[in-house]
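# A structural walkthrough
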Amino acid sequence: LWHRSSREVPSSNQSGTLISNPEQATVVAFLAQAGLLQGTVLLVQEDYVRAGLALRTSLNHLRSLPDHSTSGPISQSLRHFGLGVITLFVARAPDSVLTLVHLFAGLTGDVESAMQELRWCSQGDGAMSTFADIVQIAQLLASSTRMHEVVEPSKDVQAADDIVVSALLRYPAAVPLIWAKAAVCAARFQHDEQRRLLEKVKTIVDQEFAESEIKAHRVGVELGYLHLTRGEWALAAEHLLPLACEPAGRYAGQAMARLLLGVVRAAEGQM
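What comes next is a walk through the structure. Since the model is a prediction, treat every value here as computed from it, not as a measurement.

Rules and cut-offs
- Residues numbered from 1 in each chain as written.
- Predicted model: local features only at pLDDT ≥ 70, side-chain atom pairs only at ≥ 80, totals over all residues.
- Heavy atoms only, no water.
- Helix = DSSP H or I, 4+ residues; strand = E, 2+ residues; numbered from the N terminus.
- Buried < 20%, exposed > 50% of the residue type's maximum accessible area, 1.4 Å probe, protein only.
- Contact = heavy atoms within 4.5 Å.
- Areas by Shrake-Rupley, 256 points an atom, 1.4 Å probe, with all protein chains shown as cover.
- Expected span 1.5 Å × (residues − 1).
- Axes fitted to C-alpha atoms, helices over the stretch in contact; angles between N-to-C directions.
- Parallel < 35°, antiparallel > 145°, perpendicular 65-115°, else oblique.
- Left-handed = near helix turned anticlockwise from the far one by under 90°.
- Nonpolar A, V, L, I, M, F, W, Y, C, P; charged D, E, K, R; others polar.
- Salt bridge = Lys/Arg side-chain N within 4 Å of Asp/Glu carboxyl O.
- Patch = residues over 30% accessible without salt bridge, like charges linked within 9 Å, V, L, I, M, F, W, Y side chains within 5 Å.
- Core = buried A, V, L, I, M, F, W, Y, C linked by side-chain atoms within 4.5 Å.

Looking only at helices and strands, the protein features 12 helices and 0 strands. Of the regular secondary structure in the protein, the N- to C-terminal order runs α-α-α-α-α-α-α-α-α-α-α-α. Evaluated residue by residue, the protein yields a buried proportion of 42% over its 271 residues. Taking all contacts inside the protein whose residues are at least 6 apart in sequence as the whole, residues at least 24 apart take part in 58%. Element-wise, carbon and sulfur atoms account for 59% of the exposed surface of the protein, whose accessible area totals about 14,500 Å².

In structure tokens:
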């Protein structure tokens, strides 16, 4: 599906109009981005058929963009990012979901094709390059993880770290990148550095993005879990207790905070 020659890729949009200048290409690229966002929301809502159809519409827009200078740098960045993310969505979908998506939307994909599109997006240093970095990091770390099994840090972890380090040179205070670096440290069992980075993220969110409570809550839960795994009950409770005591339904991670706090209290009682 993804390996199409330049002759096979259409040079017109869905209405059949020839894309002949960067401005026109940018409009089509943003339409594709809108379809990608819609498909992502529907995936989260587990509406897989409508998600597949939205992603297919986005994919058709992306394919209509020429892969040369007439499309402009913004649309090229959006094009590579969109192709990479859609391919990755499909490649990583569970078999039951993949069957629906393939049947109703005709989508197929593979991880390596997705990663290649994302690498092109990152190398272009365009509008979506940092987002492409973050998606690559998430995929590489996911590939390095084995459920219920402790493994040595793999080459995927090193590749993820290389991307994080390069991106942080450009955006040293970017919260998603610092968070990604913390995830790399976790994969390398560097828990002291992971804790330092998570605390840095929480400080930035608390001070500069006070309205982004969900981010602060999520970091608080992660810090609590990190201390719990190290047997540091008092420090774990320090992060979890304020979150667990907030009104019910305040944020999605509250149930997890309460569960972890229960584990901490049980462990304290056994000491």
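With respect to the helices and strands, the residue Q194 is situated in helix α9 (residues 191-208). Setting aside chain neighbours within four positions, we find Q194 in contact with A182, C185, A186 and L226.

In an α-helix, one turn spans 3.6 residues; hence positions three or four apart end up facing the same way. For helix α1 (residues 22-44), built from 23 residues, the straight-helix expectation of 33 Å at 1.5 Å per residue is met to within 8% by its first-to-last C-alpha distance of 33 Å. If you follow the buried residues of α1, they end up packed against α2 (48-64) and α3 (72-92). Backbone geometry just downstream of α1 places E46 in the positive-phi region, at approximately 65°.

Take unusual backbone geometry next. One non-glycine residue, F189, adopts positive backbone phi at about 65°. With respect to the secondary-structure elements, F189 resides in the loop between α8 (175-187) and α9. Using a relative accessible area of 39% as the deciding quantity, one classes F189 as partly exposed.

This brings us to the environment of R119. Following the sequence through the fold, R119 ends up in helix α5 (residues 111-123). What makes R119 partly exposed here is its relative accessible area of 27%. When the C-alpha atoms of R119 and I163 are compared, they prove to be 9.9 Å apart, with 44 residues separating the residues in sequence.

A word on the packing of helix α6 (residues 129-143) against α8. Contact geometry of α6 with α8 gives a least axis separation of 11 Å together with a crossing angle of 20°. Relative to α8, α6 is oriented roughly parallel. By crossing handedness, the relation of α6 to α8 is classed as left-handed. Counting all contacts with α6, which are made through T130, I134, I137 and L141, the residues of α8 involved are P176, L177, A180, A183, V184 and A187. Tallied by class, the residues present in the contact of α6 with α8 amount to 9 nonpolar, 1 polar and no charged.

Quick look at α8 now. A rise of 1.5 Å per residue sets the reference length of α8, with its 13 residues, at 18 Å; its end C-alpha atoms lie 19 Å apart and thus fit the reference within 8%. Turning to α8, its buried residues are V175, L177, I178, W179, A180, K181, A182, V184 and C185. A positive backbone phi angle near 65° is found at F189, which sits one or two residues after α8.

Looking now at the pattern of salt bridges. One pass over the full model with this rule turns up 7 salt bridges. For the salt bridge of R50 with D47, the shortest nitrogen-to-oxygen distance reads 3.2 Å. Judged by its relative accessible area of 49%, R50 falls in the partly exposed class. D47 gets classed as partly exposed once you look at its relative accessible area, which sits at 23%. Ionic pairing is found between E112 and R119, a salt bridge with its closest N-O pair at 2.6 Å.

A contiguous nonpolar surface patch, about 260 Å² in accessible area, is contributed by M256, L259 and V263. Looking at where L259 falls in the secondary structure, it is placed in helix α12 (residues 254-270).

Ranked by internal contacts, the top residues of the largest apolar core, which has 44 residues, are F81 and I137. It is α8 that contributes the most residues to this core, 8 residues altogether. Once residues within four sequence positions are removed from consideration, F81 is found in contact with Q33, L36, L118, C121, M128, F131, A132 and V135. By size, the runner-up hydrophobic cluster in this structure holds 11 residues, among which are A236, L240, A257 and L261.

Mapping S129 onto the fold places it in helix α6. The exposure class assigned to S129 is buried, which follows from its relative accessible area of 1%. Other than its neighbours up to four places away in sequence, S129 contacts S77, C121, S122 and R170.

Purely geometric stuff here, so don't read any function into it on its own.
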